Structure formats: C-alpha cells, structure tokens
Amino acid sequence: MAQNISLSMSQTQRMDASQMQVLEIVTLPLEELSDKIKKEAEKNPVININEGDRSYEDISSRSYSSASSGYSDEANSSDYSDDGENDWFEKTVTEKESLTEHLVKQLGCIPLTPPVKKAAEIIISSLDPHGFTGPDPSSLLPDNLKEYAKEAVDAIETMEPTGVGAKDWRGAVMLQIKEIEKNPEEVSRYRDIIYHGLDYIKENRLDALAKALRIGRADLDGMLEVIKTLTPYPGLKYSSDYTHYSIPELSFHNVDGVIHMKVLRGNLPALEIDSSYLELRDELKKDKSEKGKEAAKYLGENISSAQNLVKMLSFRYSSLEKIGMVLADRQKDFFLFGPMFLKGLTMTETAEIMGVNVSTVSKMAALKYVDTDWGIYPLRFFFSTEVKKDDGGDLSKNSVKLMIEKIINENTGKKALSDQKIADALEKEGIKIARRTVAKYRAEMELDSSRGR
C-alpha cells in the first residue's frame, strides 16, 4: 500500500527562559517589579538590597531646553531631585472604583426627579474614559428621556472631579475655571484663551494675546498660571488603563522654560552583588573535591542569575531614558504648554530614533506612567499617529479628530456635511487628509456628519 509522504518546513520562534525573564523585567509595573526583586533576593544569597539607598547609577536626570536642540546632563540639579523626588507620590492613583461607580455614588446625594436621575445614570455610564459626553449628550438617551438631557448633564457637571460631563477638554477646563472664578468678565477672558488663544501661547506671542484680551501682560501671566493647574481630562485617573498603583517611572517638569526629565525608581530597592561571594567563588574553583565542585557550581549559578538581573534592570532603565529623551524632544510643546499641544508620534518612529525594534518600545510603554505638570498619564498616551500640515508642522490624530468634531458642530446649514466637504475645510487649515480618512475618524468617534454624536 503506497503512502503519500509530504514534507513541509515552517519557521517558529521560541523564547528561552532568559528571554522570558527579560520580557518580564521590562514589562512589569514598578510595584510588581519591586516585589520580584525582593523575592529574588530572598532566594539568592549573593544579592544584597538596600531600601534606604537612593542611588542607582542608571537612574538619571536630564534637561531639555526649548530654545536648544540638544540635551545636557543635569544630575541632581533639578528642583525635582533629592527630597523632591517623591513629590509625585501624593498624586499616585490608588482609587479602585471606576469613574462610573464614583459618579453614581454622588448622584444618589443629589435631589432629582426620577426621569432626570435615570437620564443622568445613562449618561454617566456612557461617558468616555476622559469623562466627556461628546457634542450631543441627548444622543446617549432613549427618546423618552432626551428632554431631560440638559438637567441630567447640569447635575453631572456639579460632581467631582470637576470637569466630568463636559463635551470635551475645553468644556472641562471651563467648568474648573467657573469653580474658582466668579467674575463673568474674567471667565469670558479665560474662555477666549482656551478657545482662541492656544496658537498665541504656542508661538510665544503673549504680548499680542494680552493686547487682544485688553489686559496687561502681568494679568495674562497670572491667568496662564491658573490654567496650568487645571486638568483637561478629569476622568482619566479613573480609567481602566490605570492599575491599582499607577506609579510614574518618568517625570517631565517645566522649570523656567527648561524641561527637566527624570527616570524614577519609586520604592524600587537598590540591588548589588555581595563581593564576598565573588571572592569565595574564586577560591572554590581551586577546590578539586566533589563537594568543592558542587559548591562552586551552586555559587556560580546564583552569581550568574544576580548579574543577569542587574543587566536586565539596567536595560529597562536605559531604554526608559531613551524613550524619555525622544518625548522631551518631540512632545516638548505638551510639557511646556499642556495636553492640547500633543503632537503626533508613533512607536515605529520612536523605535527608529532609538535604534531598536518597535516591539521594544511597545513593551516598554506597557503599564508605565509619566508624571508631568499637567498630571499623571499612561506612557502610551504620548504615542499616536500624526497628520502633517502645510507649514511643515504636525498634529496628533486626536487633534485632527477634535477639529473634525468642531467643523461638524459649527455647521449651521440644513444639509449634512459630506466627508469631502470636511476634508476641504481641513485643507483650508493647512491639513491635507483624504476623504476616506475623514470617514474613518468620524466613524471612530461615532460622529454623524450633520450634528455630532
């Protein structure tokens, strides 16, 4: 009986134990990594840890000047070094409940009619991770509750954190402004800055902005300082993207126009190899007895394991530093002026700048957080596709989406705007994207071309 035998070749890639360990060390959140180091120290006698030691040769501090094109070492020179290194700890997220749970609890304390309360519950459950309703909150409700949308949103906007229930980040910031500023004229000026003054700020034309607002430069500087304290995305800290402990490993702070970047280790214990065991290993190598060989083998395996752990930690933090340097350069407008100035930056582009594989950047960005003057953000927040402008600049994909949303909301015509007309309107702003790209972005935001969500 004849048998048909066929041979096929396939290529598979398997990770050995050491590669798996590297991947684990790179991707673990800081709190879990700290626990792993302690467990390794418990079972490996050659590892010494010193939780009181704040020195770590691969934990660095650098600064980036917005007026220059290069980095300079600034170890221990920043206002955020030494005793200030753990200032971020007060801002870490330890809240277990979701944004929805947090708001529903508050809803129970507000006297509302049953239909308004039901409408508020539905809107709360439909908020995006930033805490926003989108341009048309009534679209989130069934027909029998649409008339209660405004009352429901008004109730949500009184809740904490201030800014939830707004249509977008601008609305969230304005809610926070109204909470601290009761003068209608001043509120109006803040609105002009938020909605019309961003280009002035980015281009450092502050004198021109002050003139347009009919106020003195000192008054404008004071208003900008207030804006810096506000949170554009109030719901973000309750996002499922955050783990129970969201401890930042990178920090960027603006000190007199200079961005100070630091790689943080939080409560990660300092690790070192006990030199006495290295000396003992060398002595045991001379012992030719069976017990001597077994002891030398045991000690050698532990020393090798400890050395690998040190190397992997060094790789983790040197890679984080390189990513931080790219962000300080490419996202400097964000760190200087706020979230509305986030630029388009892909992981692929970052990997090319660093000279590594894109998978390395992707793994490094997982479950890591960044401390900024504007709040704590997931590291992945800083990566998004970019859209080129005619003037050579670029915007993040999210920024273009906001512009599409604005164009749709400002349409006063009876006919819905076609994707092509939206693309034409963007081109007038110096942004060239295809009609199908507009359709894709609009679908992602669930925006109807005539009136928003």
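Residues numbered from 1 in each chain as written. Predicted model: local features only at pLDDT ≥ 70, side-chain atom pairs only at ≥ 80, totals over all residues. Heavy atoms only, no water.

Trainee: Honestly, the overall build of the protein chain in this entry has me stumped. Any pointers?
Mentor: When you go through the protein chain residue by residue, the secondary structure sums to 18 helices and 10 strands. The proportion of buried residues among the 453 residues of the protein chain is 45%. Sequence-distant contacts, at least 24 apart, represent 68% of the contacts inside the protein chain between residues at least 6 apart. (Helix = DSSP H or I, 4+ residues; strand = E, 2+ residues; numbered from the N terminus. Buried < 20%, exposed > 50% of the residue type's maximum accessible area, 1.4 Å probe, protein only. Contact = heavy atoms within 4.5 Å.)

Trainee: Explain the side chain of threonine 350 to me, please; I cannot follow it from the model alone.
Mentor: In this fold, threonine 350 is placed in helix H14 (residues 347–354). One polar contact links the side chain of threonine 350 to the main-chain carbonyl oxygen of threonine 346, over a distance of 3.0 Å. (Polar contact = N/O pair within 3.5 Å; in protein donor to acceptor, adjacent residues only side chain to side chain.)

Trainee: Just to check I follow, could you spell out the packing of aromatic side chains for this structure?
Mentor: Within the structure shown, the criterion is met by 12 aromatic pairs. Taken together, a centroid distance of 4.2 Å and an interplanar angle of 15 degrees make the contact between phenylalanine 252 and phenylalanine 335 stacked. On the criterion of sequence distance, the pair formed by phenylalanine 252 in strand S4 (residues 248–255) and phenylalanine 335 in helix H13 (residues 332–337) is long-range, its members being 83 residues apart. Residue class for phenylalanine 252 comes out buried when judged on its relative accessible area of 1%. Seen in terms of ring centroids, phenylalanine 334 and phenylalanine 335 are 5.4 Å apart; in terms of plane orientation they differ by 85 degrees. Their pairing is edge-to-face. Across the pair, exposure class does not vary: phenylalanine 334 and phenylalanine 335 are buried alike. Above the plane of the ring of tyrosine 200 lies arginine 205, whose end atom (NZ or CZ) is 4.5 Å from the centre. Positioned above the aromatic ring of tyrosine 317, the side-chain terminus of arginine 316 is 5.8 Å from the ring centre. (Phe/Tyr/Trp six-rings, centres within 6.5 Å; stacked < 30°, edge-to-face > 60°. Lys NZ or Arg CZ within 6 Å of the ring centre and 35° of its normal.)

Trainee: Please explain the environment of alanine 328 as it appears in this structure.
Mentor: Counting through the fold element by element, alanine 328 comes out in helix H12 (residues 290–330). Counting along the chain gives 67 residues from alanine 328 to methionine 261, while the straight-line C-alpha distance between them is 7.3 Å.

Trainee: Sorry, what's going on with helix H17 (residues 419–428) here?
Mentor: It helps to recall that an α-helix has 3.6 residues per turn; residues three or four apart then point in one direction. Listing the buried residues of H17 in full gives Asp419, Ile422, Ala423 and Leu426. Mapping the buried residues of H17 onto a view down its axis gives an arc of 100 degrees, with all of them on the same face. In H17, the exposed positions angled more than 90 degrees off the buried face are occupied by Lys421 and Lys428. (Arc of directions from axis to C-beta.)

Trainee: Any chance you could explain the nonpolar core here in plain terms?
Mentor: Counting 76 residues, the largest nonpolar core has Leu220, Phe252, Leu327, Leu379, Phe382 and Phe383 as the members making the most contacts within it. For this core, the leading source of residues is H12, giving 13 residues. Setting aside anything within four residues of it in sequence, one finds leucine 327 in contact with Phe252, Lys332, Phe335, Leu345, Leu379, Phe382 and Phe383. (Core = buried A, V, L, I, M, F, W, Y, C linked by side-chain atoms within 4.5 Å.)

Trainee: Please clarify how the pattern of salt bridges should be interpreted in this entry.
Mentor: Pairing between side chains becomes possible if they bear opposite charge and their charged atoms approach one another. Scanning all chains against the criterion turns up 12 salt bridges. The salt bridge partner of arginine 217 is aspartate 221, with a shortest N-O separation of 3.0 Å. Taken as a pair, arginine 217 and aspartate 221 lie in helix H10 (residues 217–228) at a separation of four residues, close to a single helical turn. Among the residues examined, arginine 217 registers a relative accessible area of 34% and is labelled partly exposed. As a salt-bridge pair, arginine 330 and glutamate 349 come within 2.3 Å of each other at their nearest N and O atoms. One end of the pair, arginine 330, is in helix H12; the other, glutamate 349, is in helix H14, and 19 residues separate them in sequence. A single salt-bridge network, built from bridges that share partners, covers Lys36, Glu40 and Lys43. (Salt bridge = Lys/Arg side-chain N within 4 Å of Asp/Glu carboxyl O.)

Trainee: Looking at this model, I keep getting lost on helix H4 (residues 114–126). Mind explaining?
Mentor: In this model, H4 (13 residues) spans 19 Å end to end at C-alpha, consistent with the 18 Å of a helix rising 1.5 Å per residue. Turning to H4, its buried residues number three or more, namely Val116, Ala119, Ala120, Ile122, Ile123 and Ile124. Next to the buried residues of H4 lie helix H3 (99–107) and helix H5 (149–156). (Expected span 1.5 Å × (residues − 1).)

Trainee: Help me understand the confidence of the model for the protein chain in this model?
Mentor: The predicted structure's coordinates, where accompanied by low pLDDT, should not be read in detail. Here the protein chain averages 76 in pLDDT, while 77% of its residues score no lower than 70. Within the protein chain, the lowest mean pLDDT, 34, falls on strand S3 (residues 71–73), and the highest, 93, falls on H5. For the stretch residues 52–60, pLDDT sits under 50, and the model shows 24 contacts to residues farther than four places along the chain or on other chains. Between residues 65–96, whose pLDDT stays under 50, and residues either more than four places distant or in other chains, the model counts 61 contacts. (pLDDT = per-residue confidence, 0-100.)

Trainee: Just checking my understanding: could you explain the pairing of strand S5 (residues 258–263) for this structure?
Mentor: The side chains of a regular strand alternate between both faces of the sheet. Across the six residues of S5, five count as buried, placing the element largely inside the fold. Of the strand pairs in this sheet, S4 and S5 are connected by six bridges, and their pairing is antiparallel. Paired with serine 251 across the bridge in S5 is lysine 262. In this antiparallel pair of consecutive strands, S4 and S5, the connection spans two residues, and aspartate 256 shows a positive phi of 55 degrees. (Pairing = 2+ DSSP bridges.)

Trainee: Even after reading the chapter, I still don't get unusual backbone geometry, so can you show me in this structure?
Mentor: When glycine is set aside, most residues are seen to have a negative phi, and most peptide bonds are trans. Following glutamate 160, the chain continues into proline 161 via a peptide bond in cis, with omega recorded as 5 degrees. Position of proline 161 among the secondary structure elements: in the loop between H5 and helix H6 (169–180). Unlike most non-glycine residues, asparagine 204 shows phi in positive territory, near 60 degrees. Among the secondary structure elements, asparagine 204 is positioned in the loop between helix H8 (198–202) and helix H9 (206–213). Unlike most non-glycine residues, aspartate 256 shows phi in positive territory, near 55 degrees. Position of aspartate 256 relative to the elements: it lies in the loop between S4 and S5. Of the residues examined, aspartate 256 reaches a relative accessible area of 79% and is grouped as exposed.

Trainee: What am I meant to see in the packing of H12 against H14 here?
Mentor: It is at 10 Å that the axes of H12 and H14 come closest, and there the two elements cross at 115 degrees. In terms of their interaxial angle, H12 and H14 are classed as roughly perpendicular. Where H12 crosses over H14, the two elements pack in a sense that is right-handed. Together, Ser319, Lys322, Ile323, Val326 and Arg330 of H12 and Glu349, Thr350, Ile353 and Met354 of H14 make up the contact between the two elements. (Axes fitted to C-alpha atoms, helices over the stretch in contact; angles between N-to-C directions. Parallel < 35°, antiparallel > 145°, perpendicular 65-115°, else oblique. Left-handed = near helix turned anticlockwise from the far one by under 90°.)

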